[in-house]
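# Fold and geometry: a report
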Amino acid sequence: MRAIKGVLLTCDPAVKQILLLLNEKESFIIEDLDDHHLVIKAEQEYRIRKELEAELEKNTYSLES
Amino acid sequence: MPSAQNTDTDNDGKQHVQHIIIPFLQSQSQNTLTRLYQRPSSCLSIFRLLSPLERQLVMNLLWLESAISANTMHAWVTREGRKLYDEALVTLSRLHILLTATGKLALNPTFKAGFRQAITGGGSTGSFGIPAEQSDKHPGIDIEGLDAYALERWETILHFMVSSGTGQQPTRPSSGVLFLLQRSGLMSGSQNMAPQITSAGFQFLLQPPHDQLWDLLLQYLRLTEERAMDLVEVLGFIFMLATMELGREYSIENLGVHQKAMLEDLRDYGLIWQRRPSSKRFSPTRLSTTLTSSSPPLPTSSGTNSGPQEGFIILETNYRVYAYTDNPLQTAVLNLFVTLKYRFPNLVVGSITRDSVKKALMNGISADQIISYLVTHAHPQMRKNNPLLPVTVQDQIRLWELERNRLKSREGYLYTNFASQADYEFVLNYAKELDIVLWESPAKRCFFGSIEGHANIKGFIERRTMGAGP
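Chain B is annotated in an unreviewed UniProt entry as RNA polymerase II transcription factor B subunit 2 from Agrocybe pediades. For the record of chain B, the UniProt heading Sequence similarities (unreviewed entry) holds the text "Belongs to the TFB2 family."

Labelled according to an unreviewed UniProt entry, chain A appears under the name General transcription and DNA repair factor IIH subunit TFB5, originating from Agrocybe pediades. In its Sequence similarities (unreviewed entry) section, UniProt records this for chain A: "Belongs to the TFB5 family."

## As for the overall build of chain B
On a plain count of helices and strands, chain B comes out with 21 helices and 15 strands. A burial count over chain B gives 33% of its 470 residues as buried. Across chain B, the fraction of contacts at a sequence separation of at least 24, relative to all contacts at a separation of at least 6, is 64%.

## A closer look at the sheet that holds strand β8 (residues 281-284) of chain B
Residue and element names in this part refer to chain B. Taken in spatial order, the three strands make up an open sheet running β6-β8-β7, and their pairing is antiparallel. If you trace the sheet from one side to the other, it starts and ends with β6 (250-251) and β7 (272-273), each paired once. Pairing of β6 with β8 involves two bridges; the strand directions are antiparallel. Across the sheet, the residue bridging to Ser251 is Arg281, located in β8.

## What about the sheet that holds strand β13 (residues 408-416) of chain B?
As summarised here, the arrangement of the six strands in space is β2(A)-β3(A)-β1(A)-β13(B)-β15(B)-β14(B), forming an open sheet in which the pairing is antiparallel. Looking at strand neighbours, the two that pair on one side only are β2 (29-34) of chain A together with β14 (437-441) of chain B, the edges of this open sheet. Across this sheet, the average inter-strand angle for adjacent strands is 30 degrees, counted without regard to direction. Pairing analysis gives four bridges linking β13 of chain B to strand β15 (residues 446-450) of chain B, with the strands arranged antiparallel. Looking at β15 of chain B, one finds that Gly412 of chain B is bridged to Ser450 of chain B.

## Thoughts on the environment of Ala3 of chain A
Relative to the helices and strands, Ala3 of chain A resides in strand β1 (residues 2-10). Beyond its immediate sequence surroundings of up to four residues, Ala3 of chain A is in contact with Tyr413 and Tyr415 of chain B.

## Considering the nonpolar core
The biggest cluster of nonpolar side chains holds 93 residues, and the ones touching the most others in it are Met161, Ile238 and Leu241 of chain B. With residues near it in sequence (within four places) discarded, Leu241 of chain B still touches Leu271, Ile272, Pro284, Ser288 and Leu291 of chain B. In terms of nonpolar packing, the next biggest core, distinct from the first, is built from 23 residues, Leu8 and Ile40 of chain A together with Tyr424 and Cys446 of chain B among them.

## Overview of the pairing of β14 of chain B
Within a regular strand, side chains alternate between the sheet's two faces. Residue and element names in this part refer to chain B. As judged from the four bridges shared by β14 and β15, these two strands associate in the antiparallel manner. From the neighbouring strand, Val437 faces β15, where its bridge partner is Gly449. In this antiparallel pair of consecutive strands, β14 and β15, the connection spans four residues, and Arg445 shows a positive phi of 55 degrees.

## Focus: the environment of Ala42 of chain A
Along the chain, Ala42 of chain A turns up in the loop between β3 (37-40) and α2 (45-58). Judged by local crowding, Ala42 of chain A falls into the partly exposed class, with 16 C-beta atoms found within 10 Å. Measuring from C-alpha to C-alpha, the distance between Ala42 of chain A and Phe28 of chain A comes to 9.0 Å, with 14 residues separating the pair along the chain. The residues touching Ala42 of chain A, leaving out its near neighbours within four places in the chain, are Lys5, Gly6 and Val7 of chain A together with Glu411 of chain B.

## A few points about the confidence of the model for chain A
Across chain A, the average pLDDT comes to 86, with 94% of residues at 70 or higher. At the low end of the mean pLDDT range in chain A sits α2 of chain A, at 86; at the high end sits β3 of chain A, at 90.

## Some words on the interface of chain B and chain A
With 23 residues of chain B at the contact, the number on the chain A side is 26 residues. When contributions to the side of chain B that touches chain A are tallied by element, the ones reaching two or more residues are α17 (354-362), β13 and β14 of chain B. It is β13 of chain B that contributes the most residues to the side of chain B that touches chain A, nine residues altogether. Looking at chain direction, β1 of chain A and β13 of chain B are connected through nine bridges and run antiparallel. Looking at β13 of chain B, one finds that Thr10 of chain A is bridged to Lys408 of chain B.

## Points about the pairing of strand β12 (residues 347-351) of chain B
Residue and element names in this part refer to chain B. By the alternation rule, side chains of β12 split into Val348 and Gly350, which are all buried, and Leu347, Val349 and Ser351, of which none is buried. In this structure, strand β10 (residues 320-323) lies alongside β12, joined through four bridges in antiparallel fashion. In the strand pairing of β12, Arg320 is matched with Ser351. Taken together, the five bridges between strand β11 (residues 339-344) and β12 define a ladder with antiparallel strand orientation. Note on β12: the bridge partner recorded for Leu340 is Gly350.

Criteria and thresholds
- Residues numbered from 1 in each chain as written.
- Chains lettered and ligands numbered in written order.
- Predicted model: local features only at pLDDT ≥ 70, side-chain atom pairs only at ≥ 80, totals over all residues.
- UniProt positions renumbered as here; feature names shortened; annotations may be inferred.
- Helix = DSSP H or I, 4+ residues; strand = E, 2+ residues; numbered from the N terminus.
- Buried ≥ 20, exposed ≤ 12 C-beta atoms within 10 Å, placed from the backbone.
- Contact = placed C-beta atoms within 7 Å.
- Pairing = 2+ DSSP bridges.
- Axes fitted to C-alpha atoms, helices over the stretch in contact; angles between N-to-C directions.
- Core = buried A, V, L, I, M, F, W, Y, C linked by C-beta atoms within 7 Å.
- pLDDT = per-residue confidence, 0-100.

Following this line, the structure appears as structure tokens:
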């Protein structure tokens, strides 16, 4: 038996796909559990959240600009 | 459930929510409460803050000389009302208004005497305040003046909160008010630093004035112990103010030492008005006389320079917001979650955008608070719509909130590579007993446990391998 330290991410499938894409650039995923769950390295969580937000931001359109 | 909630409605059809002062009173000792109940004005004020059912129970028991058997009372209650009835009994007994010992129901004798006196009059305790003699030399202030004063004080506080951190320099409220704001967690910052509004403060701003007032008073009450003030005197004074008559002057002669000390603080909050700090008389403002009633705590009449108190926002399906107001405070509050575009003498136009809502969410305001603010302040024209707010906008605000939480994370350990299915199930069951399993997959034969449970699991496995060992 093995115990691996990490952070369990719970997300929707769309976000998961983006995360998988980000993972190709710089690997951080420890284990791909299922459509909604991933285990990642704890120290990478902050960076991933930032990058995900930037990625999601690209897909929104604003009245202002 | 819905039927039970329907029974507990106010006259105007609104659901009754327990007043925030009630839990505070319940946390006080019986001794404190009994001393409080010696004041008829406090009995009346507390009675007015109870829910309709609780009020009815008190009235039923008020004029009975002897205790009534709990079974008799219970027989009046319909099956649907049981739950509410029981809850009401619990609330009342925790307030020590109702004595439920020995299977009989009776009012606390002190409360009974105090409340009877409040209703029938008589007695000379001065619990409702002693009106000051009219004198020609110092004519009192009229109601309009009082309203303007209360409004100015109150809006100074709110405006200071809302514009902190925006670089503007609004009038600073007194240091006593600042201290209270900081202690209550509505604003942060130390003596040297400029106070900054916190997320609790933002939420505070969106509440109706009545709730805001009680919020602050509750904080004030919590401070009394530190300041070595007598809680009963402080509470008694607040309740006394609540039963006073607007536009009348009262003498400070029979006030206690602590109550006289409170005058200064209450002046700062706009609850009372005094000609001079050393004046021997004071007038309660509308803020204080409506503390225990359902009428609006701030004046609705025009004549003040403030915008209309209720109903000035029109929200369209295209996310546009038209706010008919010239009040800088209301504009500033709107600015928390609306991108403002144009400003006219009596109208502010803006729109709710993703960015503006996101900014609000980051400040700690929730989507529900935005929506409830918009509902409370909706323009009379909007009231014709059903539902009141355009559904698209409501949904979108909620969706924007959800968007922020697309990723949830929990630290922990992934347990995998179990030798056998039995092994896996054995450890998993143990983990489930500890309630630390966040995710499991029998197919993959692995599970994820929270970080708190790791030491236990580790110990459990070690013990097992030792036991099964050579």
